[in-house]
Amino acid sequence: MTFDTNLKGRLLATTVAALLLTACGGGGGGSGPQNVPSGGGSGDTGTGGGNPGPSQGGGGDTGPGSSSPNPVIYIADQDTDDIWELYLTDAAHPSGSIRLNGPLVAGGSVDRWAASPNGQQAIYIADAAISGRYELYVVDLANPGAATRLSAPLQANRDVLDFAISPDGAKVAYRADVADDVFELFIVDIANPGVATKLNAPLAPGGWVRDNYEFSPDGARVLYRADQNTADAFELFIVDIASPGVAQRVNPALGADRDVYDEFTFSPDGQHIGYVADQDANDVLELYTVPLTDLGSSQKLNGAMVSGGDVCRFQFAPDSMRVAYCADQTTDGVVELYTAALDAPGVSSRINPPLVANGRVTTLYEFGPQSDFIVYIAEQETVGQPELYRVELSMPGVSTKLNAPLVSGGGVVGFDMRPDGARIAYNANQESISVYELYEVDFASAGVATRLSAPMASSGVMWFEYTHAGDRMIYTADQESAAAELYRVEIDSPGVAVQMNGALVAGGEVDDFAIVP
């Protein structure tokens, strides 16, 4: 699901980790497909999220055309208020769940977590053995409750901070402070738990490995950002898993006070690395790519930037031939959406139509599966009213509004595209300013939406995601009370939702979920 955390604040009072860059000029969030969260409950290779507070689900389902519902992992303070644990529920047997994580010390909770891409395990961080000491664990879905510590033993007052899972699910990279508050990058084989190898090269005094590291699509390398050569000078490095401790710098040498920001990723084909940096001018964020065959030699993709302009978030197309990026490139302070081809660096096209005065394109956009169109949320026609649009890359500047008419003050806050690219679901306070509900639109019938979610008792839908087959939607909502719970709705039976989580203790709620691949 793609969600604007700025807009989400209208729906949720809890604080959440930023999933995306929400403004030009730097900030958190990873690029890549928007079903790959950088926040909690990731079902892919990105780092997991944290608790408390809702975060984004990940995962997948059975292959296209399958009708067999896959299990769902969710995190909730289901048994004890404010003690967060992992649970496994089978969509075929709703309202029943099994606690997945191992035993926790008194006061301990599960923090960051993810479903393994191979669908066999859940990986999580918890202070399971010693209160306040966070370590990395794995549990087989076939053997719930029997968790194994993955991370190497830690000294007192040391913690595992976050992690990423390899695409095949066999290895986990994680950050931990072996020295006090000096976080470095380690890798562990799930088949050999507790035996970790440091991946990063030696760090300059005061240097750290930073967040948003990731495996290459083939799982052979790890990309990370660190002030490795000079403290507080952040650069991008890549290390072969087969040669730990020997890292190559990805970006060219940077001048004084220049940095690579935390917006970087591999192209889907694994042949290029994209990143945002103030490489050419101090505090001017621009978009660069580097071929893996020529590390240290970059090309700038974005077009000429107006004074004060910056690139915010970017995304590679599924075919790896171009990128989309948001930037106030033409007018300082007016964020719009652009594309650029990798084989034509510096030549970009604005793809949204002209915006209403003080309008903006949000950081929420996604390529279609064939790389031929982009869906995005923008305040394009009315300031303060974000809506959902589609634009064909062959017709830049000509968009189609997808959502149905909105009540005054309403807005679209998130979307998820069906895997086959034929339909899109979105969350909006479309009919009532105080209630967020889930709708679906067929691309062939733009503006005609079907409400998928059941009637809401409170503020409504929070997180949602299509199953991989696209025949069901899983979502969290305070549908029956003020507590968020987990639901399933069949696309062919809109408005009829089945609760999936077990009974909640007083004060408990479901925070996040991942559909098991």
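Residues numbered from 1 in each chain as written. Predicted model: local features only at pLDDT ≥ 70, side-chain atom pairs only at ≥ 80, totals over all residues. Heavy atoms only, no water.

*Asks:* Describe the overall build of the chain, and please don't skip the residues or the numbers.
*Replies:* Of regular secondary structure, the chain possesses one helix and 38 strands. Here the contacts in the chain between residues at least 6 apart in sequence split such that 47% fall between residues at least 24 apart. For the chain, the exposed area adds up to about 18,100 Å²; of that, 49% sits on carbon and sulfur atoms. (Helix = DSSP H or I, 4+ residues; strand = E, 2+ residues; numbered from the N terminus. Contact = heavy atoms within 4.5 Å. Areas by Shrake-Rupley, 256 points an atom, 1.4 Å probe, with all protein chains shown as cover.)

*Asks:* Residue-level account of unusual backbone geometry, with values.
*Replies:* Non-glycine residue D82 carries a positive phi angle of around 70°. In this structure, D82 sits in the loop between β3 (71-76) and β4 (85-90). At D257, a position not held by glycine, the phi torsion is positive, near 65°. Checked against the element boundaries, D257 lands in the loop between β17 (247-249) and β18 (260-266).

*Asks:* Tell me about the confidence of the model for the chain, residues and numbers included.
*Replies:* For the chain, per-residue confidence averages 88 on the pLDDT scale, and 86% of positions sit at 70 or higher. In the predicted structure, residues 3-67 sits below a pLDDT of 50 and forms 223 contacts with residues beyond four places in sequence or in another chain. (pLDDT = per-residue confidence, 0-100.)

*Asks:* If you had to explain the pattern of salt bridges to someone new, which residues and values would you point to?
*Replies:* Under the counting rule described, the total for this entry stands at 25 salt bridges. Ionic pairing is found between R221 and D240, a salt bridge with its closest N-O pair at 2.9 Å. One end of the pair, R221, is in strand β15 (residues 221-226); the other, D240, is in strand β16 (residues 235-240), and 19 residues separate them in sequence. For R221, a relative accessible area of 23% corresponds to the partly exposed category. A salt bridge links R350 to E336; the nearest nitrogen and oxygen atoms lie 3.1 Å apart. (Salt bridge = Lys/Arg side-chain N within 4 Å of Asp/Glu carboxyl O. Buried < 20%, exposed > 50% of the residue type's maximum accessible area, 1.4 Å probe, protein only.)

*Asks:* Got a sec to walk through the environment of L104? Specific residues and values, please.
*Replies:* Structurally, the position occupied by L104 is in the loop between β5 (98-99) and β6 (110-115). In this structure, the C-alpha to C-alpha distance between L104 and I83, residues 21 residues apart in sequence, is 9.5 Å. Excluding residues within four positions of it along the chain, L104 makes contact with I83, W84, E85, S109, V110, A126 and A128.

*Asks:* Requested: an account of the sheet that holds strand β35 (residues 472-477), with residues and values cited.
*Replies:* The four strands lie next to each other as β34-β35-β36-β37, forming an open sheet whose pairing is antiparallel. Both edges of this open sheet fall to β34 (461-466) and β37 (497-499), since each of them pairs with a single strand only. Mean inter-strand twist for the sheet, computed between neighbouring axes without regard to direction, equals 25°. (Pairing = 2+ DSSP bridges. Axes fitted to C-alpha atoms, helices over the stretch in contact; angles between N-to-C directions.)

*Asks:* Tell me about the state of the cysteines, and name the residues and values.
*Replies:* The tally for this structure, following the rule as stated, stands at one disulfide. Note that C312 is cross-linked by a disulfide to C326, the S-S spacing being 2.3 Å. Of this pair, C312 sits in strand β22 (residues 311-316) while C326 is found in strand β23 (residues 322-327), placing the two residues 14 residues apart along the sequence. Looking at C326, the relative accessible area reads 0%, which means it is buried. (Disulfide = S-S within 2.5 Å.)

*Asks:* How would you summarise the sheet that holds strand β13 (residues 196-198) if you had to cite specific residues and measurements?
*Replies:* The antiparallel open sheet is built from four strands, whose spatial order is β10-β11-β12-β13. Since the sheet does not close on itself, it has two edges, and those belong to β10 (160-165) and β13, each with one partner. Taking the axes of each pair of neighbouring strands and ignoring which way they run, one obtains an average angle of 35° across the sheet. Where strand β11 (residues 171-179) meets strand β12 (residues 182-189), eight bridges bridge the pair, whose relative direction is antiparallel. Paired with K171 across the strands is D189, a residue of β12.

*Asks:* Help me get a handle on the pairing of β12, residues and values and all.
*Replies:* The buried fraction of β12 is high, at six of eight residues. Taking the residues between adjacent antiparallel strands as the criterion, β11 and β12 are bridged by two residues, where D181 takes a positive phi near 60°. Here β12 runs beside β13; their pairing, made up of three bridges, is antiparallel. Within β13, the residue paired with I187 across the bridge is T197. Count of turn residues in the β12/β13 antiparallel hairpin: six residues, of which G194 carries a positive phi of about 85°.

*Asks:* Give a description of the nonpolar core that names residues and reports values.
*Replies:* In terms of nonpolar packing, the biggest core is built from 33 residues, with I123, L136, F163, Y174 and Y224 touching the most fellow members. Mapped onto this core, the elements with two or more residues apiece are β7 (121-126), β8 (135-140), β10, β11, β12, β15 and β16. In terms of nonpolar packing, the next biggest core, distinct from the first, is built from 18 residues, I75, A122, A126 and Y137 among them. (Core = buried A, V, L, I, M, F, W, Y, C linked by side-chain atoms within 4.5 Å.)

*Asks:* Describe the environment of G508, naming the residues involved and giving the relevant values.
*Replies:* Along the chain, the position of G508 falls in the loop between β37 and β38 (510-515). On the basis of relative accessibility, which here comes to 4%, the residue G508 falls in the buried class. Once you skip the residues sitting within four places of it in the chain, G508 turns out to touch D77, D81 and A483.

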